[in-house]
Amino acid sequence: MPDAMVAASNSQATSGGTTHQVDVAVVGAGFAGLYLLQRLRKDGFTTVALEEADDVGGTWYWNRYPGARCDIQTIDYCYTFDPELESAWKWSEKYATQPEILRYLGFVADRYDLRRDIRFCTKVTAARWDQATERWLLTTDNGAAVSCRYYIMATGCLSSPKPPEIDGVKDFKGEVYFTGRWPHEEVKLAGKRVAVIGSGSSGIQSIPLIAEQAAHLTVFQRTPNFALPAHNGAATADRVALLEGDRAGYREQARWSGAGVPLPKQTVCSWQLSDPERRERFENAWAIGDLIFMSSQLWADQRVDVDGDALVAELFREKIRTIVKDPGIAASLIPYDHPFGAKRPCLDTNYYATFNRPNVTLVNLRQEPIKSIMASGIKTDKRTFDVDVIVFATGFDAMTGAIMAVHPIKGRGGKSLSDIWANGPQTYLGLTVTGFPNLFMITGPGSPSVLSNMVVSIEQHVDWVVDRLIAMRETGFTTLEATETAQHGWARHMADCSTLTLHRLANTWYTGANVPGKAQGVMPYTGGVGPYRSICNEVVSRGMVGFRLTGPNIAEQCNDGEVVRLQPDVRLVLNMLEEMKLAPIESLGAQGARDFVAEFNADRPAGRPVGEVVDGTLPGTDGPLPYRLYRPATPGPHPIVVYFHGGGWVLGDQQSDDPYCRDMCRRSGMIFVSIGYRHAPEHRFPTAAEDGYVATRWISEHAGELGGQPGSVLVAGWSAGGNIAAVICQLARDRGGPHIAGQLLVCPITDCTFDRPSYNDNATGYFLTRSLMYWFWDIYCSPADRIDPRVSPLRGKLAGLPQAFVVTCEFDPLRDEGIAYGDALAAAGVPVEQLKARGHIHSSFTMVDVVITGVSGRVQMAEALRRFAGLPPERKQGDEGVRPARTATPHKIAAAAE
Ligand code: N01
């Protein structure tokens, strides 16, 4: 029977034993549930929301503790789906209090008459997918069961308070409160001895206000947190002006931003700023009092690089030392066990200053853990604290807790979600789960959710889901389910994204580490709100990639696959290039192409500092050849790597791979000398190879004068430069030297045929195109010369060559010839190691500081060079994204990252 008929016949049956039939059942009446109801109803779906509380509000209904406020500015932390709603409501403060936010949600419920479709005081006790009717059946603890075609969990990410896990709570004779379940009636703390356990956002917001009321407050802190002053008051004038200047534009910018608040992307790295400049930026952010600003606007590497992040943390620590008068208390309040931002930072009002009050005591649980709770108070392993009230600000079973609280949720074949998620949540897009048709989660694990302005993420999810339901209704599909391939691919993409941030380096509720026994892994999507939105849109525009759709009168549709196979930052780079709509390089002519590359390189982030950079010339066959030498900051002499830049034998110069050379010099601890060999069309085959050979020989002979170790050199190159490096190894073997200790070939050109699969699979769309390669070959080398090993080294004799490290990238036309060269070297008895970089493109490794996921590859390249040179393995500076932070406690995730 069609949904609409089922609904029409039964939607009134809301009590007794009758099953309540609707198109869509929603669990929860917070921000997500209310917007879902509004949209579903507007779009003609019958619906009911089931809500445990007796009113709307969700998290804002339950969290009524003193000091509870939002910590995203209220002009951003509100619905944007209806401009009239926006103008009908005025926020009174920069960060609204819990009562004001609750009033707002009540106002929204009234404005759209939503309460009539909400069953309050109703908890869903179980949910079961019935394959025969293709409907979900929900049982509840109050009133009728609900049968629905679509079941949407709008249960929030932080709704399920976790038990305190401390012995003896039941023995306590005084009052007990949980911040996450604060009573509705006034809690009188005046004149009482109060204990607060926990120093997350809830503790940090409530402690200053509790201290003002209580006779004495004792704070039991296990892990200190970073907190920034909110500087609450009127909404910030500049932000209001921006919003009011172009409301639609402002909201749209938020939707495509990193965290759901319209702020620009920083491009300057910490090491490009002086100490005073960094301090000024920090002070400005401190004065602004905005968490997202502080977390994203100081410098570009603050969230991705351990060193860049550590600078922020240290400035925070200075502030804490300045505010807290007792140095011992200050030391206990200063976080050292996690990078700034890896654990959720907090926004406070007078938090640190509260510890200067005579009626406040801080107990550092790292020094004296709680042993138990007794009738009269709390006992640590050193002291006993008699108290009248205990406030547990101990947090939530985050992200999965509220979803799993409905137990069991049984999908296809009777499989239970709790079993399937026993080792951690698995989802496709954080929206759906394989095996659970027609089940959606709003801001579920695997979506940006808690790493974003929740309201922006909620609106995006609600719109995406309801739009899908409309599309299914229009096409006749009645079920939708994620495929296993898609879900696995999403898990891999999530893991790729999480290597870009520092979240994996801390024990937090983001990773499940706060709940004993919970499976651990970074649960929210760390790739950013804008990129996530574009992926969700891409799923649709590419024909529902990763979903199987069925319906009674329509053929099944399954567009199986993974929506993202590129590394996340590579995807961003390619999208950006596509938006720039650049003319193909080969259409510009040789000089035009050189001018374009020079202009493009000028906008590139500057390379990292090394010990010294020296420009010089060396004698070539027909005159001097320029070079640029990069010397490590460590005492020499160092081994020398002779480096050849990329550019298809046509473009580039000794400076064009500057960031890569600097980075590799720092990581390997070796001198890199980048050679300005001559280019086609002015100097065609075999000039580049012969210049390269002459330069290598000269450097080898003058190694001592250059500050290098005499004896042998190494060679390295990228793309056409990799081709030259490979050729030089053959020439050096055949012409009696110089001695080459090893070769690093990054995405090298090795052969003149274009029929290997990668030339077709990756012909366009991945930066280096097949037609650009044709152009390079045509300019450099006539067809008759192409089989010469001085340009097609794969066709040369390979035995007796130096040991090699060959790097290839999955989405590179040159991938297969690089792999073929590595295989052929191995077959010829040359020791060779291959790095086949998944999700990368031709230029991934040379786009230093843009493609952060290239770091681990460069680490491996540097290690290979050190091995070739006979140096011990060593981690050099700048291993952003791969080095673990200092952690006080060993931890599965940090250990895995290490
Ligand atoms: O919870 P938390 P929360 N013994 O998990 C400690 C959002 N939020 O409710 O870190 C002793 O952050 C625990 O110690 P440790 C926001 O996203 C937003 O404060 O596990 N201590 C920690 O100090 C936030 O991040 C707002 O070592 C124990 C604290 O309790 C999230 O909700 C306001 C313990 C729990 O901190 C959660 O915040 C409030 C034990 N057995 C919350 N167990 C806004 O402003 C736990 N702890 C919008």
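Cut-offs and rules
- Residues numbered from 1 in each chain as written.
- Predicted model: local features only at pLDDT ≥ 70, side-chain atom pairs only at ≥ 80, totals over all residues.
- Heavy atoms only, no water.
- Helix = DSSP H or I, 4+ residues; strand = E, 2+ residues; numbered from the N terminus.
- Rg over C-alpha atoms; globule rule 2.2 N^0.38 Å.
- Buried < 20%, exposed > 50% of the residue type's maximum accessible area, 1.4 Å probe, protein only.
- Salt bridge = Lys/Arg side-chain N within 4 Å of Asp/Glu carboxyl O.
- Pairing = 2+ DSSP bridges.
- Axes fitted to C-alpha atoms, helices over the stretch in contact; angles between N-to-C directions.
- Patch = residues over 30% accessible without salt bridge, like charges linked within 9 Å, V, L, I, M, F, W, Y side chains within 5 Å.
- Areas by Shrake-Rupley, 256 points an atom, 1.4 Å probe, with all protein chains shown as cover.
- Core = buried A, V, L, I, M, F, W, Y, C linked by side-chain atoms within 4.5 Å.
- Contact = heavy atoms within 4.5 Å.
- Phe/Tyr/Trp six-rings, centres within 6.5 Å; stacked < 30°, edge-to-face > 60°.
- Expected span 1.5 Å × (residues − 1).
- Near = heavy atom within 4 Å.
- Polar contact = N/O pair within 3.5 Å; in protein donor to acceptor, adjacent residues only side chain to side chain.
- Nonpolar A, V, L, I, M, F, W, Y, C, P; charged D, E, K, R; others polar.
- Parallel < 35°, antiparallel > 145°, perpendicular 65-115°, else oblique.
- Left-handed = near helix turned anticlockwise from the far one by under 90°.
- pLDDT = per-residue confidence, 0-100.

1. Some points on the overall build of the protein
Okay, step 1: Assigned secondary structure in the protein consists of 28 helices and 29 strands.
Okay, step 2: Expected size for 898 residues packed as a compact globule is a radius of gyration near 29 Å; at 31 Å, the protein falls within 12% of this value.
Okay, step 3: By its C-alpha atoms, the protein is 90 × 75 × 50 Å across when sized along the principal axes.
Okay, step 4: Across the 898 residues of the protein, 60% fall into the buried class.

2. As for the pattern of salt bridges
Okay, step 1: This structure, assessed with the given rule, holds 51 salt bridges.
Okay, step 2: R548 is the salt-bridge partner of E556, the closest N and O atoms lying 3.1 Å from each other.
Okay, step 3: You can call E556 exposed: its relative accessible area is 51%.
Okay, step 4: Bridged by salt links that share partners, the residues R39, D43, D463 and D467 form one connected network.

3. Comments concerning the sheet that holds strand β24 (residues 640-644)
Okay, step 1: In space, the eight strands of this open sheet follow the order β22-β23-β25-β24-β26-β27-β28-β29, with mixed pairing throughout. At either margin of the open sheet sits one strand with a lone partner, and together these are β22 (612-620) and β29 (832-841). Sheet twist, expressed as the average angle between the axes of neighbouring strands with direction ignored, equals 20°.
Okay, step 2: The sheet contact formed by β22 and strand β23 (residues 623-631) spans nine bridges and is antiparallel. Of the residues in β23, the one forming a bridge with D615 is R628.

4. Some words on a nonpolar patch on the surface
Okay, step 1: Together, M576, M580 and L582 line one region of the surface with nonpolar side chains, adding up to about 270 Å² of accessible area.
Okay, step 2: Looking at the secondary structure, you find M576 in helix α19 (residues 568-580).
Okay, step 3: Judged by its relative accessible area of 45%, M576 is partly exposed.

5. Quick look at the nonpolar core
Okay, step 1: Core analysis: the biggest nonpolar cluster contains 103 residues, and F31, Y79, Y104, Y428, L429, W464 and F547 have the highest contact counts within it.
Okay, step 2: Discounting residues that sit within four places of it in the chain, W464 has contacts with L429, L431, F440, C536, N537, V539, V540, M544 and F547.

6. So, the packing of aromatic side chains
Okay, step 1: Under the defined criterion, the tally for this structure stands at 47 aromatic pairs.
Okay, step 2: Ring plane angle 50° and centroid distance 6.2 Å describe the contact between Y35 and Y79, whose orientation is recorded as tilted. Taken as a pair, Y35 in helix α2 (residues 31-42) and Y79 in the loop between α3 (59-62) and α4 (83-88) lie far apart in primary sequence, 44 residues in all.
Okay, step 3: The buried category is assigned to Y35, whose relative accessible area is 4%.
Okay, step 4: On the accessibility criterion, Y79 (1% relative accessible area) is buried.

7. Side note on helix α5 (residues 98-111)
Because the α-helix completes a turn every 3.6 residues, residues three or four places apart line up on one side.
Okay, step 1: Its 14 residues give α5 an end-to-end C-alpha distance of 20 Å, which sits within 8% of 20 Å, the value for a rise of 1.5 Å per residue.
Okay, step 2: Within α5, burial applies to Q98, E100, I101, L102, Y104, L105, G106, V108 and A109.
Okay, step 3: For α5, the secondary structure elements touched by its buried residues are α2, α3 and α4.
Okay, step 4: Downstream of α5 by a residue or two, D113 has a phi angle that is positive, lying close to 50°.

8. Focus on the site of the ligand
Okay, step 1: In the vicinity of the ligand lie 27 residues, with R69, P164, S202, T223 and K343 positioned nearest.
Okay, step 2: Between K343 and the ligand, the recorded distance is 2.7 Å, taken from a side-chain N or O atom to an oxygen atom.
Okay, step 3: Within the contact set of the ligand, an oxygen atom lies 3.3 Å away from a side-chain nitrogen or oxygen of R344.
Okay, step 4: Burial of the ligand by the protein amounts to 89% of the accessible area it has alone, namely 900 Å².
Okay, step 5: Residues that form the shell around the ligand fall into these classes: ten nonpolar, nine polar and eight charged.

9. Brief notes about unusual backbone geometry
Okay, step 1: At the junction of H407 and P408, the peptide bond is cis and its omega measures out at 0° in the coordinates.
Okay, step 2: Counting through the fold element by element, P408 comes out in the loop between α14 (401-404) and β17 (409-410).
Okay, step 3: Note the cis peptide between F685 and P686, where omega equals 5°.
Okay, step 4: In this structure, P686 sits in the loop between β25 (671-675) and α22 (687-701).
Okay, step 5: One non-glycine residue with positive phi stands out, namely H231, at about 45°.
Okay, step 6: Note that H231 resides in the loop between β10 (227-229) and α7 (237-245).
Okay, step 7: Judged by its relative accessible area of 41%, H231 is partly exposed.
Okay, step 8: With a phi close to 45°, K581 is a non-glycine residue in the positive phi region.

10. Thoughts on α19
Okay, step 1: Taking 1.5 Å per residue as the helical rise, α19 with its 13 residues ought to reach 18 Å, and the 19 Å between its terminal C-alpha atoms agrees with that figure.
Okay, step 2: Listed in full, the buried residues belonging to α19 are P568, D569, V570, R571, V573, L574 and L577.
Okay, step 3: Contact partners of the buried residues in α19: α17 (484-498), α18 (529-541), α20 (589-602) and β29.

11. Some points on the packing of helix α21 (residues 658-668) against helix α27 (residues 855-868)
Okay, step 1: Following both chains from N to C, one finds α21 and α27 inclined at 55°, their axes separated by 9 Å at the closest point. Judged on the interaxial angle alone, α27 and α21 are oblique. Regarding α21 and α27, the two cross each other, and that crossing is right-handed. Facing Y660, D663, M664, R667 and S668 of α21, the residues of α27 in contact are V855, R858, V859, M861, A862, L865 and R866.
Okay, step 2: For the contact of α21 with α27, the class distribution of residues is seven nonpolar, one polar and four charged.

12. Points about the sheet that holds strand β19 (residues 479-482)
Okay, step 1: The strand order across the open sheet built from three strands is β19-β20-β21, with neighbouring strands paired in antiparallel fashion. Each edge of the open sheet carries a strand with a single partner, namely β19 and β21 (554-558). Going across the sheet, the axis of each strand differs from the next one's by a mean of 15°, ignoring polarity.
Okay, step 2: Here four bridges tie β19 to strand β20 (residues 547-551), and the two strands are oriented antiparallel to one another. Opposite E481, over in β20, you have R548 as the bridge partner.

13. Some details on the confidence of the model for the protein
Okay, step 1: Averaged over every residue, the pLDDT of the protein is 94; residues scoring 70 or more account for 95%.
Okay, step 2: Below a pLDDT of 50 lies the segment residues 1-16, which in the model reaches 25 contacts outside its immediate sequence neighbourhood of four places, other chains included.
Okay, step 3: Contacts of residues 876-898 to residues separated by more than four positions or lying in other chains number 59 contacts, the stretch itself having pLDDT below 50.

14. Considerations on the environment of V455
Okay, step 1: With respect to the element layout, V455 can be found in helix α16 (residues 454-475).
Okay, step 2: For V455, a relative accessible area of 1% corresponds to the buried category.
Okay, step 3: Spatially, the C-alpha atoms of V455 and Y35 are 9.9 Å apart, while their sequence positions differ by 420 residues.
Okay, step 4: If near-sequence neighbours (up to four positions away) are discounted, V455 is found in contact with F31, Y77, C78 and Y79.

15. Let's talk about the pairing of strand β13 (residues 370-373)
Okay, step 1: Here three bridges tie β13 to strand β14 (residues 377-380), and the two strands are oriented antiparallel to one another. Its bridge partner being in β14, I370 is matched across the sheet by T380.
Okay, step 2: Between β13 and β14, which follow one another and run antiparallel, lie three residues.

16. Some thoughts on the side chain of R278
Okay, step 1: Within the secondary structure layout, R278 lies in helix α9 (residues 275-288).
Okay, step 2: Side chain to side chain, R278 and D275 meet in a polar contact 2.7 Å long.
Okay, step 3: Setting aside chain neighbours within four positions, we find R278 in contact with S270, W271, L273, W299, L311 and L315.

17. Brief notes about the packing of α9 against helix α11 (residues 306-323)
Okay, step 1: The contact between α9 and α11 brings their axes to 11 Å, and the two run at 60°. In this view, α9 runs oblique relative to α11, as classed from their interaxial angle. Pair α9 / α11 crosses with right-handed handedness. Across from R278, R279, F282, E283 and W286 in α9, the residues of α11 making contact are L311, V312, L315, F316, E318, K319 and I323.
Okay, step 2: Residue classes in the contact of α9 with α11 are distributed as seven nonpolar, no polar and five charged.

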